[in-house]
Amino acid sequence: MLANAASVIDAFANSSLFIFIPFLLAFRGIEASFIGFFTAVFFVGNLLGKIVLGRLSDRMGKEWLFICCEVGIFISLVLLAFIQGRLAIAVLALFLGFLTKGTVPITSTMIAESVGREEFDAAYSISSLSTNIANTAAPLFFGMLADVLGIQSIFIACGLSALCSVLPASAIIRHGRI
C-alpha cells in the first residue's frame, strides 16, 4: 500500500506538467515557435530518466532514489515557476523530464517488491487503476487552481505534491518493509 501511495501521489504531481509547461512559457512571453523545442527537451529528459534511473534503482536503494528524485522535482518546479531565461527553462525542462518519468521504473520496482510473485497481476492492476485516476484528476484540479491563482501556482502545487510522495517512501524505509 505504501509503494502504491508513493506511485499515485507521484503521478498526481507529475502528470499535468506537460500540459501546463506551454502555458507557462507563453506567460513568460516566449514565442510559440520555441514551445516545440522546450517540449522536445522535456521528452528527451523523459526517455533518459526512464533509462538511467531504472538502472540506478537496481544499484541503490529504490526508496532513497525516489526521495531524491521527488526533492529534485520540487526544487525544479519552484525554480521553473519563477525563472525567466530560455536557456535556464530548457535545462529545467530536461531535468524535470528526467526526474518525472525516471520515477516510473522506481515505483514499479517498489510495487513489484512489495508483493509475492503470485500477486503481481493484482498489485499492478491496483497500481494502474489508481495512477490512472490520479492522471485524470490532476489536470482538472491544477487547471482550476491555475484559473484561480495563476499559471505559476500549478508548478508550486505540483512541487508540493511531489514532496508529499516522499512520506510513503519514508515510511517504507522507516519500517523496513513495503
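Definitions and limits used
Residues numbered from 1 in each chain as written. Predicted model: local features only at pLDDT ≥ 70, side-chain atom pairs only at ≥ 80, totals over all residues. Heavy atoms only, no water. Phe/Tyr/Trp six-rings, centres within 6.5 Å; stacked < 30°, edge-to-face > 60°. Helix = DSSP H or I, 4+ residues; strand = E, 2+ residues; numbered from the N terminus. Buried < 20%, exposed > 50% of the residue type's maximum accessible area, 1.4 Å probe, protein only. Contact = heavy atoms within 4.5 Å. Axes fitted to C-alpha atoms, helices over the stretch in contact; angles between N-to-C directions. Left-handed = near helix turned anticlockwise from the far one by under 90°. Nonpolar A, V, L, I, M, F, W, Y, C, P; charged D, E, K, R; others polar. Salt bridge = Lys/Arg side-chain N within 4 Å of Asp/Glu carboxyl O. pLDDT = per-residue confidence, 0-100. Core = buried A, V, L, I, M, F, W, Y, C linked by side-chain atoms within 4.5 Å. Parallel < 35°, antiparallel > 145°, perpendicular 65-115°, else oblique.

Novice: I tried to follow the packing of aromatic side chains on my own but got confused; where do I start?
Specialist: Geometry of an aromatic ring pair is reported as the spacing of the ring centres plus the angle between the planes. What the rule picks out here adds up to nine aromatic pairs. Arranged with centres 4.7 Å apart and planes meeting at 50°, the rings of F18 and F43 form a pair that is tilted. Note that F18 is positioned in helix α2 (residues 17-27) and F43 in helix α3 (residues 32-59), a separation of 25 residues in sequence. Look at F43 and you get partly exposed, because its relative accessible area is 40%. Ring centres of F141 and F142 lie 5.1 Å apart, and the angle between their planes is 75°; this geometry places the pair in the edge-to-face category. With relative accessibility at 40%, the residue F141 sits in the partly exposed group. Ring-pair connections join several aromatic residues into one group, and the members of that group are F12, F141 and F142.

Novice: Teacher, can you tell me more about helix α8 (residues 166-175) here?
Specialist: Each full turn of the α-helix corresponds to 3.6 residues, which orients residues three or four apart in the same direction. Those residues of α8 lying buried are V166, P168, A169, A171 and I172. In this structure, the buried residues of α8 make contact with α1 (2-14), α4 (62-82), α5 (86-114) and α7 (151-164). One or two residues past the end of α8 sits G176, with phi positive at roughly 70°.

Novice: Help me understand the packing of α2 against α3 in this model?
Specialist: α3 packs onto α2 with a crossing angle of 145° between their chain directions and a minimal axis gap of 10 Å. Crossing hand, α2 versus α3: right-handed. The segment α2 lies against α3, with L17, F18, I21, P22 and L25 engaging I35, F38, T39, F42 and F43. The residue makeup of the contact of α2 with α3, split by class, is nine nonpolar, one polar and no charged.

Novice: Explain the pattern of salt bridges to me, please; I cannot follow it from the model alone.
Specialist: Evaluation of the coordinates by the stated rule reveals two salt bridges. E31 is paired through a salt bridge with R86; the nearest N and O atoms lie 2.7 Å apart. Remark: R86 occurs in helix α5 and E31 occurs in the loop between α2 and α3; sequence separation between them is 55 residues. Here K62 ties to E113 by a salt bridge, and the two come within 2.9 Å at their closest N and O atoms. Separated by 51 residues along the polypeptide, K62 in helix α4 and E113 in helix α5 bring together distant segments of the chain. Among the residues examined, K62 registers a relative accessible area of 11% and is labelled buried. When its relative accessible area of 49% is taken as the criterion, E113 is described as partly exposed.

Novice: Would you mind showing me how to read the environment of T103 here?
Specialist: By secondary structure assignment, the location of T103 is in helix α5. Take T103: its relative accessible area is 0%, and that puts it in the buried class. On a C-alpha basis, the gap between T103 and S76 in space is 15 Å, while along the polypeptide they are 27 residues apart. Once you skip the residues sitting within four places of it in the chain, T103 turns out to touch D10, N14, F66, C69, E70 and I73.

Novice: Would you explain the confidence of the model for the protein in this entry?
Specialist: A low pLDDT means the predicted coordinates there should not be read in detail. Scored by pLDDT, the protein has a mean of 90; 99% of the residues are at 70 or more. Here α3 is the element of the protein with the lowest mean pLDDT, 87, and α7 is the one with the highest, 95.

Novice: When you look at the nonpolar core in this model, what are you seeing that I'm missing?
Specialist: Nonpolar side chains tend toward joint burial in soluble globular proteins. Counting residues in each nonpolar core, the largest one holds 45 residues, and the members touching the most others are L80, F142, I154 and F155. Considering each element in turn, this core owes the most residues, nine residues, to α5. The residues contacting F155, other than those within four sequence positions of it, are L17, F20, I21, L24, L77, L80 and A81.

Novice: So what exactly am I meant to see when it comes to the packing of α4 against α8 here?
Specialist: When two helices pack together, you describe them by how their axes are tilted relative to each other and by the distance separating the axes. Where α4 contacts α8, the two axes come as close as 9 Å, and the packing angle between them is 155°. Overall, the two elements α4 and α8 adopt an arrangement that is roughly antiparallel. In the crossing of α4 with α8, the sense of the turn from one axis to the other is left-handed. The segment α4 lies against α8, with E63, W64, F66, I67 and E70 engaging V166, A169, S170, I172 and I173.

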